[in-house]
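Letter by letter, the chains look like this.
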Amino acid sequence: MKIFHLPDLGEGLAEAEIREWYVKVGDEVKVDQPLASMETAKAVVDVPSPYAGKIAELHGKVNDIIKTGAPLVTFDTGEGIVDKGSVVGKLETSEKKWDEGEVIIGSAKASSGNVKAMPAARVLAKQMNVDLSLVTPTGPQGLITPDDVKKFISQQAPTVSLPGETEALHGIRRVMAQAMAQSHLDIVPVTIVDDADITDLPPGTDVTVRILKAMVAAARAEPALNAWFDGKKLERKLWEEVNIGMAVDAPEGLLVPVIKQVEKRSDEELRQLIDKYKKSASDRSIAPADMQGATLMLSNFGTIIGRYATPILLPPMVAILGCGRSRETVMPRQGQMVIGRLLPLSLTVDHRAVTGGEAARFLRAVIQHLQGK
Amino acid sequence: MKIIDRFEIPYYQYLDEESHLAEDAPPLARDTSALLHLYRLMVLVRTLDTKAITLQRTGKLGTYPSTRGQEAIFVGVGNALEKNDVFVPYYRDVGVLIQRGVKLSQILQFWGGDERGNSYVDSRDFPFSVPIASQTLHAAGAAYALKYHQEKQAVVSICGDGGTSEGDFYEALNVAGVWKLPIVFIIANNQWAISVPRSQQTAAHTLAQKAIAAGFNGEQVDGNDIIAIQHRTAEALKNAREKGEPHLIEMLCYRQHDHTTADDASRYEPKDARPTEWKKEPVARLRKYLEQMGSWDDKQEEALQTACAQEVDQAVQDYLQLAPQPLTSMFDYLYAQLPHAYLEQRELLEEMEKTHG
Amino acid sequence: MAEITLVEAVTQALAYEMQADPSVIVMGEDVGKNGGVFRATVGLLDQFGPTRVLDTPLAESMIGGLAVGMAVSGLKPVAEFQFMGFIYPAVDQIINHASRIRNRTRGRMSCPVVFRTPSGAGIHAPEHHSESTEALFAHIPGLRVVIPSSPARAYGLLLAAIRDPDPVIFLEPSRLYRYAKQEVKNDGKALPLDTCFTLRVGEDVTLITWGAMVKETLAAAHQLSEEGINAEVIDVATIKPLDMETIFASVEKTGRCIVIHEAPLSCGVGAEIVAQIAQKALFSLKAPPERITGFDTIVPYAKLEKYYIPSEKRIIDAVHRLMEFA
């Protein structure tokens, strides 16, 4: 194949327009035979053929403008030889379009990726039907080891299949089931119990509000309990403000709205907030923001019944105070038997972050505040 | 039957074994200062050569290929080259390189195992080539480039007698002939390719006639006659530069040492060969001629030997005192820019450097 | 803008760069008047003349050595070996010189050469015309090895190879030469070397491949998607140096990988890729990494050739195996 490019038709002309073709594809032409009539800025000229051969392609229609140097005519000079386009073999040839979508140079943006686990851990997990995404990794750089999988397995209750029609847990009941299970895996709880002698509190005292204030005082005495703890990184954060999450019994289950900055509020404010939360809990109108940021927890189960308990705390908090039902009882005072009123208290702390002494001193501070000192 | 072709291989010698000058000797034979210059270079090359062997035997240099007995070839060819010609060596060509700006200490660096010995400053010359005769093709490529850039220069490519059996040698000659490349092929025929004597290398009567098969001229030159060497090379280069004609010169001499310091020629070389051939050696031949001309005497010889020894000693000092390259230099000249894939390995070397001190 | 085949894309790139850079020379056997036995260099002699498009004598070592000498001397030769099966006489020049002249002269000299050759099986040619020995060159420090898999990538990568200041072995998959057409703008834009191309995004398995096997791999991925398995397909393109970052990112995402290459199994480039995955991405793997490759045999003559080339079925079966590991 030979391509004839449009020559400069006279004194540096940049282009010319095809006025008429004298030949068509397939014609055999001789050297110098006129191919086309081209109009330039200066004149209309005939363009002669530089080769002898068969016309293979015309690179324009009448009235097209061809730039000087651009292809004008392609000649097939092969004397009728069909170009096999190869010297050995046979190439698959087609008009097929290349089937390829969008090509990304380099990497497609990956999602968060799957978990990293030692191969032995994966095998074990598969054998024991464990979802690796639930296992806590303790290997380097967040790697799940076979021991991690074994630990996870040992912490699972043997699953029992429930017979008959069952009810799937939804909403906050479901969340409670998962959160409590995770808490059980993570924290190391210890509970210390004692009573506060509230005999001498003036009648009509808002005991709940008083408990809240007592917790603030205790938090000042033992700041280690007003903190958050990260068990993976072994870090803790001590908080200045005292935000108390109050467990509230709602129709669907347990809710824990948070009274923020208890240390700054007046007794009236606190009572208003408690009542507001109780009401919102029953119609599920507590805002999500009001459910976050607790630094201490209070479970006032005594409003129903109960004396001492081992309340369960939710990470990242490290302390939860449980209040039982106050009761009248015979008690000794200065060698005399008197009828007094006791408020039972149960303090659970995470022993990874809080020592026994800190817990005891915190409880003592709560009791001293409640007892009016 | 008709004869399609014949060929002739001329042999050139102007200064014979007795240091007698031929009648048709070129003007160089009477150019005393030029001859003194060539003589001093040959003595310097021989001094360095002897020192290099000593360095190797005392563990301060790696394997080294001696040029003993071949000084005239390299000094003569180097002298005929123009600055802007391109030189493509094999590995004995010290005598050429020192005339083209390469320092003696750099020669030692190369054989001492430091790549910086190849980084000649301000030069288009190729570095030593160990794979036998592979450089003849590079020379052809460089010659094509000269032609392409329309430079009126030429290329010299040297190889040994053993190299002429390599395919690359034939392919280089062939393309030089058919493409008319401005190149002069020099064969430094020292009669040995390690342990294989010239007679077992090829049945061709001369190595020069291999050019005939490639379509251009070949000749033989006495490789112990520096006047013939310099003159014939200069002529060939002139033709190459001006007419683009390739040419081949086979220079016959004798290897006056083992192939390299790692070779033991006593295993294969006839005992009397070296002493016999030594009678023709080029340095003594030129010295005798210069003395006959009244241009040289013992005092000058002594002074020259001292000067060369000093120059060589200085080069040895420079070589021995050069701090080795950092370990990371293994990676730093692999590519124009080291690809990301190899950075980790380079960092390993950086760490090694720190602990090595 | 025309739609062109892979071999036409090679011609287009050569013509573009020869026009733009007068130091680019094309050389090889039958590349001039004949336009190359696959017409890869058709029209170049007419356009650029006989000092820039060289019909060389029949000597492959000569082609290698001449190209080295030219490249060191300021030219940019693009030298063709007619088939990969005939590159071997030039291996001395490639390994002993082209790959290391920069290193041994401490950067004083360099070798900006491209050695291009049709490679691979599948064109029913006589013996020796079906080689895929890219692993030989991938093992050599100082070289680059590039294998395009589409007209657009042939165009962009060849431009990059010619412009690169170091030697590139450019292996063109002969059975894709005229297989299909693609729009390739003649705008002179190079594609990046040393980078993989992600041809298909997926979450379930990573298929790592290059050259002609991209065709079978994409077809297998399409079929797998109809079963609900979504494969990510990576065209490695530059076999040396490898862009392992892209491969690691994909394997970390999917956890399963298969390397697919036409070249024989043992010590193929797939082995290098899997070794690096095993060292650096082991903990993301949900299943063993596999290689689906040509057999450790000489490529059979034409009658059995199609059984040698890894099939879509072998790829799909491998994916099924990996998916069973969970």
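These numbers were taken from a predicted model, which means no experiment stands behind them. (Residues numbered from 1 in each chain as written. Chains lettered and ligands numbered in written order. Predicted model: local features only at pLDDT ≥ 70, side-chain atom pairs only at ≥ 80, totals over all residues. Heavy atoms only, no water.)

**Some remarks on a nonpolar patch on the surface**
Residues and elements named next belong to chain A. Just so we agree on the cut-off: Like charges are joined within 9 Å and nonpolar side chains (Val, Leu, Ile, Met, Phe, Trp, Tyr) within 5 Å, but only among residues with over 30% relative accessible area and no salt bridge; these make up the patches. Exposure was quantified through the Shrake-Rupley algorithm and a 1.4 Å probe, taking into account, for residues, occlusion by the shown protein chains and nothing else. Within this document, salt bridges are pairs made up of a side-chain nitrogen of Lys or Arg and a carboxyl oxygen of Asp or Glu, the two lying within 4 Å of each other. We count a stretch as a helix when DSSP gives it H or I for four or more residues in a row; a strand needs E for two or more, and each element gets its number in order from the N terminus. Here's how the labels work: a residue is buried when its accessible area is under 20% of the maximum for its type, exposed when over 50%, partly exposed in between, all with a 1.4 Å probe on protein chains only.
Taken together, the side chains of V330, M337 and I339 make up a nonpolar region of the molecular surface, amounting to roughly 360 Å² of accessible area. Within the element layout of this structure, I339 appears in strand β20 (residues 336-350). Residue classification places I339 among the exposed residues on the basis of a relative accessible area of 56%.

**Some points on helix α12 (residues 312-324) of chain C**
Residues and elements named next belong to chain C. This is how the line gets drawn: Expected span of a helix, by definition, is 1.5 Å for each gap between consecutive residues, and there is one gap fewer than residues. The arc in question is the one traced by the directions running from the helix axis out to the C-beta atoms. The contact rule is simple, with two residues in contact once any of their heavy atoms fall within 4.5 Å.
Here α12 is 13 residues long and its end C-alpha atoms lie 19 Å apart, about the 18 Å a rise of 1.5 Å per residue gives. Listing the buried residues of α12 in full gives I315, I316, A318, V319 and L322. Burial along α12 is one-sided: seen end-on, the buried residues are contained in an arc of 160°. Counted as exposed and oriented over 90 degrees from the buried face of α12: K313 and E324. Tucked inside the fold, the buried residues of α12 contact β10 (205-209), α8 (213-226), β13 (257-264) and β14 (290-294).

**Notes on the interface of chain A and chain C**
The criterion, for reference: Defined in terms of a 1.4 Å probe, buried area is the accessible area two parts forfeit on being brought together, summed over both. What qualifies as a polar contact is a pair of N or O atoms within 3.5 Å, subject to a donor-acceptor requirement within protein and to the restriction that residues adjacent in sequence count only when both atoms come from side chains. Pairs of strands are assigned from DSSP output, requiring at least two bridges between the strands.
Contacts between the two partners involve 39 residues from chain A, matched on the other side by 51 residues from chain C. When the buried area of chain A at its contact with chain C is split by residue, L91(A), W98(A) and N114(A) rank highest and sum to 19% of it. The tally of links between chain A and chain C comes to two salt bridges. For K97(A), the salt bridge goes to E3(C), with nearest N and O atoms at 3.3 Å. Applying the counting criterion to the chain A and chain C interface returns 12 residue pairs in polar contact (both at pLDDT 80 or more). Residue contributions to the side of chain A that touches chain C peak at three residues, all from helix α1 (residues 119-127) of chain A. Summarising the sheet, strand β9 (residues 104-105) of chain A and strand β9 (residues 197-200) of chain C pair through two bridges and their orientation is antiparallel. Paired with I104(A) across the bridge in β9(C) is T198(C).

**A short note on the sheet that holds strand β6 (residues 53-58) of chain A**
Residues and elements named next belong to chain A. Strand order in the open sheet formed by four strands is β1-β8-β6-β3, with antiparallel pairing between adjacent strands. Strands at the two margins of the open sheet, each flanked by one partner only, are β1 (2-5) and β3 (28-29). Pairing between β6 and strand β8 (residues 71-76): four bridges, direction antiparallel. Bridge pairing in β8 links E57 to T74.

**Things to note about the domain arrangement of chain C**
Residues and elements named next belong to chain C. Put simply, the rule reads: An automatic or database domain assignment is the source of the domain bounds shown.
Taken as a whole, chain C is organised into domain 1 (3-183) and domain 2 (197-323). For domain 1 versus domain 2, the separation of C-alpha centres amounts to 26 Å. Facing the 28 residues of domain 1 at the interface are 26 residues of domain 2. Buried surface at the junction of domain 1 and domain 2, summed over both partners, amounts to about 2100 Å²; 58% is from carbon and sulfur atoms. Together, I147, R153 and R175 form the three largest contributors to the area buried by domain 1 at its contact with domain 2, with a combined 26%. Taken together, domain 1 and domain 2 are joined by three salt bridges. Its salt-bridge partner being R175, residue E262 comes within 3.4 Å of it at the nearest N-O pair. Applying the counting rule to domain 1 against domain 2 returns 12 residue pairs in polar contact (both at pLDDT 80 or more).

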